[in-house]
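# What the coordinates show
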Amino acid sequence: MSSTVTHPFLDLAPLSAQHFAAIEARVARLLDTEQDVVIMQGEALLPLEGCIRGAARPGTTALNVITGPYGQTFGNWLRDCGADVVDLAVPFHTAVTADQVRQAFAEHPEIDFVSLVHAEAATGNTNPVAEIGEVVREHGALFMLDAVASVGAEPLLPDAWGVDLCVIGAQKAMGGPAGVSAVSVSERAWQRIAANPQAPRRSYLSLLDWKERWIDGGRKALLHAPAQLEMLALEACVERIETEGLDALMARHATAAAATRAGALALGGGLEPYVYEARDAAPVATTLRVPSGADASELVARALAADPVLPLVAGGGALAKEMIRVNHYGPDATRGVVHACLAALGAALTESGLTVDLEAARRAVTATWS
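All of these numbers come straight from a predicted model, not from anything done at the bench.

Analysis parameters
Residues numbered from 1 in each chain as written. Predicted model: local features only at pLDDT ≥ 70, side-chain atom pairs only at ≥ 80, totals over all residues. Heavy atoms only, no water. 1 Å grid on protein atoms, 1.4 Å probe; cavity = no way out; pocket = protein on both sides within 12 Å on 5 of 7 lines; lining within 4 Å. Points joined across faces, edges and corners; volume = space filled by probe spheres on them. Nonpolar A, V, L, I, M, F, W, Y, C, P; charged D, E, K, R; others polar. Pairing = 2+ DSSP bridges. Helix = DSSP H or I, 4+ residues; strand = E, 2+ residues; numbered from the N terminus. Axes fitted to C-alpha atoms, helices over the stretch in contact; angles between N-to-C directions. Contact = heavy atoms within 4.5 Å. Phe/Tyr/Trp six-rings, centres within 6.5 Å; stacked < 30°, edge-to-face > 60°. Buried < 20%, exposed > 50% of the residue type's maximum accessible area, 1.4 Å probe, protein only.

## With respect to the layout of surface pockets
Computed from the structure, the largest pocket encloses a volume of approximately 230 Å³. Tallied by class, the residues present in the lining of the largest pocket amount to eleven nonpolar, two polar and five charged.

And the structure:
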């Protein structure tokens with residue numbers, strides 16, 4: 001007679017509504033927010049699309065800031081909702097400024113919604129949200145922020161910055177799971193969504209469902225069966241951040257970024273930071289421009305052949321030939337990982353016939369970290 005094999009991933013007690021709500025409360029503390037926080041049962045694209053489809057409608061004029069590929073996606077969703085979209089696109093090697101946002105409002109005073117990505121891991125830049133938030137507040141527009149790549153890597157203060165919809169994911173700097181995400185929602189965002197007849201209702205995309213059936217009900221009955229493993233992993237990663245300390249975690253990411261940038265410059269071989277100014281560079285990932293005639297995808301493949309676990313990827317789409325991304329986030333925001341990534345890239349450049357200085361790169365990283 002066969003016996004049932006138990007497994008720690010499979011034989012868990014059900015996740016209660018009370019436990020779910022307690023995890024939401026810990027995420028709210030991480031964001032230092034008094035707004036409602038909803039943990040959604042899917043990767044961060046779920047609440048990002050839910051926010052836009054909830055808030056945008058025909059008659060909406062949206063300022064969509066494009067500093068990377070996610071800004072382009074937001075513009076597509078906004079147009080699909082019938083909104084008039086004003087795209088503010090800046091070169092991917094830089095960041096948008098508050099003055100550029102102010103100028104967009106001056107040219108289009110009818111703007112009532114702003115979508116912005118805080119840090120674009122894909123391009124390696126980060127935007128000055130605090131300053132931009134001031135401008136958005138002056139004009140009374142609703143402010144949506146994609147903070148998936150920035151949370152845990154750099155300061156994120158949705159309440160202080162006037163962010164109405166702040167979406168986070170745990171899979172980058174937080175070092176957690178990809179299968180759950182969260183959004184903080186201001187009272188005026190709830191009002192905007194509730195007044196929108198096009199806002200998703202009785203839908204997996206619906207923020208209103210969570211408000212009406214979960215929050216307004218006292219967080220006593222979940223909408224559907226929770227993603228239990230992901231929720232427990234999210235709780236574990238928040239607990240780990242609480243133990244390390246958020247300031248220490250952000251400092252670790254800032255140091256990893258500075259060390260990678262300094263090490264790449266010292267390495268030579270024609271490798272250069274993709275984001276021109278260090279102040280515009282995201283702490284979560286450093287992007288590097290390969291020398292003329294080299295192919296980023298080929299260099300990454302050579303580097304990974306020697307050590308396949310390194311957090312190195314080539315740029316996406318049109319950037320695949322010219323950009324390398326060092327994803328020094330979460331557990332990879334360490335001196336050892338930065339040293340290993342630059343050593344592997346140096347070896348790949350050497351194989352391509354380029355001259356590098358591995359010792360200079362090592363010294364630069366060590367000096368930055370000390």
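## Observations regarding the sheet that holds strand β9 (residues 181–185)
Strands pair in a sheet through their backbones, by hydrogen bonds, and they do so in one of two ways: parallel or antiparallel. Read from one edge of the open sheet, seven strands run β1-β9-β8-β7-β4-β2-β3, paired in mixed fashion. Bordering the open sheet on either side are β1 (36–40) and β3 (84–89), each of which pairs with just one other strand. The sheet shows a mean angle of 15° between the axes of neighbouring strands, taken without regard to direction. The sheet contact formed by strand β2 (residues 61–66) and β3 spans six bridges and is parallel. In the sheet register, A62 faces β3, and the bridge partner there is V85. This element, helix α7 (residues 207–215), spans β1, β8 (165–169) and β9 of the sheet and lies at about 110° to β1.

## A look at the packing of aromatic side chains
Summed over the entire model, instances satisfying the criterion amount to four aromatic pairs. For the pair F20 and W214, a centre-to-centre distance of 5.4 Å together with 80° between the ring planes defines the contact as edge-to-face. Placement of F20 in helix α1 (residues 17–31) and of W214 in helix α7 is noted, with a sequence separation of 194 residues between them. On the accessibility criterion, W214 (0% relative accessible area) is buried. Ring geometry for W210 against W214: centres 6.4 Å apart, planes inclined by 90°, an arrangement best described as edge-to-face. Note that W210 and W214 are positioned in helix α7 at a spacing of four residues, about one turn of the helix.

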